[in-house]
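So you can see what is in the structure, the chains are spelled out below.
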Amino acid sequence: MTERDRVYGVTELAAEFDLTPQALRFYEEKGLLAPQRAGGRRVFTYRDRARLMLILKFRRVGFSLEQIAEYLAHYRSGRPSAGQYRDGLRKIRARLTELERMQSEIAEVILELKTMEADAERRLAACLPDDDPMQTVPTQKRNEPGVKRCCAE
């Protein structure tokens, strides 16, 4: 039996990809996988396994199930088509654009948070005794000479 002729049971295929049998059922319900029946049990072919690999790859990089279904509608195991590649390329470019936008927004938020952190550290340091700027001022020391009273504990 060649690798292409091999069939996989639900448990076997799920274990290979660190999934639950319910995940395979979910993909089946969404029309992404179409296992065959053998004696009342579902079995997956080499083609199903290849489709599952594509599904998981696309999920990992953030594609929706709808986008994956559209791509798989073009997919023909062993017979790639120009339409499949064009569709895939369009989806990849759109996802890259989205992730780059998110990356830019995250960089801006990080910069803003670092600025806020530095400001908070500066303000905290102004409230603490000069000899130990990283310690908080205990309540009983607030009224002692040399303790700055700009902050309440």
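Structure's up top.
Basis of the calculations
Residues numbered from 1 in each chain as written. Predicted model: local features only at pLDDT ≥ 70, side-chain atom pairs only at ≥ 80, totals over all residues. Heavy atoms only, no water. Helix = DSSP H or I, 4+ residues; strand = E, 2+ residues; numbered from the N terminus. Polar contact = N/O pair within 3.5 Å; in protein donor to acceptor, adjacent residues only side chain to side chain. Contact = heavy atoms within 4.5 Å. Salt bridge = Lys/Arg side-chain N within 4 Å of Asp/Glu carboxyl O. Core = buried A, V, L, I, M, F, W, Y, C linked by side-chain atoms within 4.5 Å. Buried < 20%, exposed > 50% of the residue type's maximum accessible area, 1.4 Å probe, protein only.

### Considerations on the side chain of E28
Within the secondary structure, E28 is located in helix α2 (residues 21-29). A polar contact of 3.5 Å, which involves the side chain of E28, links it to the side chain of R37. In this structure E28 touches L33, P35, R37 and R42, once residues within four positions along its chain are discounted.

### Let's talk about the pattern of salt bridges
Scanning all chains against the criterion turns up 12 salt bridges. Linking E12 and R6 is a salt bridge whose minimum nitrogen-to-oxygen distance equals 2.3 Å. Look at the salt bridges and you will find they share partners, linking R25, E28, R37 and R42 into a network.

### Remarks on the nonpolar core
Core analysis: the largest hydrophobic core is formed by 20 residues, its most contacted members being L24, Y27, L52 and I68. The dominant element in this core, judged by the number of residues it contributes, is helix α3 (residues 46-60), at five residues. With residues near it in sequence (within four places) discarded, I68 still touches L32, I55, F58, R59 and F63.

So far we have only geometry, and geometry alone does not tell us how the molecule works.
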